[in-house]
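# Breakdown of the fold
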Amino acid sequence: MGYYYGDPDTPVWLEPPPNWQTLPKPDVIWRAATFAEIRFPCGRPCRTSYFFEAKRRRLSPPRPQVLDVDLRRLLIAQEDGRDLTVRQIFSGREVARITRDWATGPTLANALTEIHFDPDGRLTFTWLKGKDRTPVTERVSVPSIPR
């Protein structure tokens, strides 16, 4: 027996995002014993993730282009157009937006070579700068709640 969400008369595990007919086979990443990321491909380099927290029986809405997860603070870093955005997983509230002179390319992910949340809550990322594509590494503080 599992957890269902939405209308009890028509239960579903996960609602497809808008403009999706069905969900393809996912990759499931267990980030902790009771916390999973369910990631669906939607074409290269597109992906959409849902997050399931079994302890509190919570399921997030679909979150596009997730790059990394801060499990301790329940934050995600994601590509948002030409910006790098950090949001709360379940509410979707934006807590930080990072804009740089990223190298040109079809997506921001083309300019990022590495990204991860550090144990102290900071976000470390290496990106390619401008036309020269010069690598730059930054470590920035990220709040847990919106300002």
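These remarks concern the structure in this document. Bear in mind that the values here come from a model prediction, so they are computed numbers and not experimental data. (Residues numbered from 1 in each chain as written. Predicted model: local features only at pLDDT ≥ 70, side-chain atom pairs only at ≥ 80, totals over all residues. Heavy atoms only, no water.)

## Looking at the sheet that holds strand 7 (residues 75-80)
With respect to topology, four strands assemble into an open sheet ordered 6-7-8-9, the strand pairing being antiparallel. Unpaired on one side and paired on the other, strand 6 (66-70) and strand 9 (94-98) mark the two borders of the sheet. Taken over all neighbouring pairs, the strand axes of this sheet differ in orientation by 20 degrees on average, direction set aside. In terms of strand pairing, strand 6 meets strand 7 through four bridges, oriented antiparallel. Across the sheet, residue aspartate 68 finds its bridge partner in strand 7, namely alanine 77. (Pairing = 2+ DSSP bridges. Helix = DSSP H or I, 4+ residues; strand = E, 2+ residues; numbered from the N terminus. Axes fitted to C-alpha atoms, helices over the stretch in contact; angles between N-to-C directions.)

## Thoughts on the nonpolar core
With 20 residues, the main nonpolar core has Leu84, Val86, Trp102, Leu123, Phe125 and Val142 as its most contacted residues. Put simply, the parts of the chain that give this core at least two residues each are strand 7, strand 8 (83-88), strand 9, strand 10 (112-117) and strand 11 (123-129). With four residues, strand 11 is the single largest residue contributor to this core. Those residues within four positions of tryptophan 102 in sequence are excluded, and the remaining contacts are Arg82, Asp83, Leu84, Leu108, Ala111, Leu112, Phe125, Trp127, Leu128 and Gly130. The next biggest cluster of nonpolar side chains, apart from the first, holds eight residues, and it includes Phe35, Val66, Val69 and Ile76. (Core = buried A, V, L, I, M, F, W, Y, C linked by side-chain atoms within 4.5 Å. Buried < 20%, exposed > 50% of the residue type's maximum accessible area, 1.4 Å probe, protein only. Contact = heavy atoms within 4.5 Å.)

## Focus on the pattern of salt bridges
Going through the model one piece at a time under the given rule, you end up with 13 salt bridges. Close ionic contact of arginine 139 with aspartate 120 constitutes a salt bridge, the shortest N to O distance being 2.4 Å. Here arginine 139, found in strand 12 (residues 134-140), pairs with aspartate 120, found in the loop between strand 10 and strand 11; they are 19 residues apart in sequence, far enough to count as distant. The class for arginine 139 is partly exposed, based on a relative accessible area of 44%. Here the salt bridges do not stand alone but share partners, grouping Asp80, Asp83, Arg87, Glu94 and Arg97 into one network. (Salt bridge = Lys/Arg side-chain N within 4 Å of Asp/Glu carboxyl O.)

## Here's the deal with the pairing of strand 12
Looking at chain direction, strand 11 and strand 12 are connected through seven bridges and run antiparallel. Paired with tryptophan 127 across the bridge in strand 12 is valine 136. Linkage of strand 11 to strand 12, two consecutive antiparallel strands, is achieved through a turn of four residues, within which glycine 130 is found at a positive phi near 55 degrees.

## Side note on the packing of aromatic side chains
This model, assessed by the stated rule, comprises five aromatic pairs. Taking 6.3 Å as the distance between ring centres and 90 degrees as the angle between the ring planes, the aromatic pair formed by phenylalanine 35 and phenylalanine 90 counts as edge-to-face. A residue pair is termed long-range when its members are at least 10 positions apart, and phenylalanine 35 in strand 2 (residues 35-41) and phenylalanine 90 in the loop between strand 8 and strand 9 qualify at 55 residues. Judged by its relative accessible area of 3%, phenylalanine 35 falls in the buried class. (Phe/Tyr/Trp six-rings, centres within 6.5 Å; stacked < 30°, edge-to-face > 60°.)

In short, shape yes, function no, at least from these values alone.
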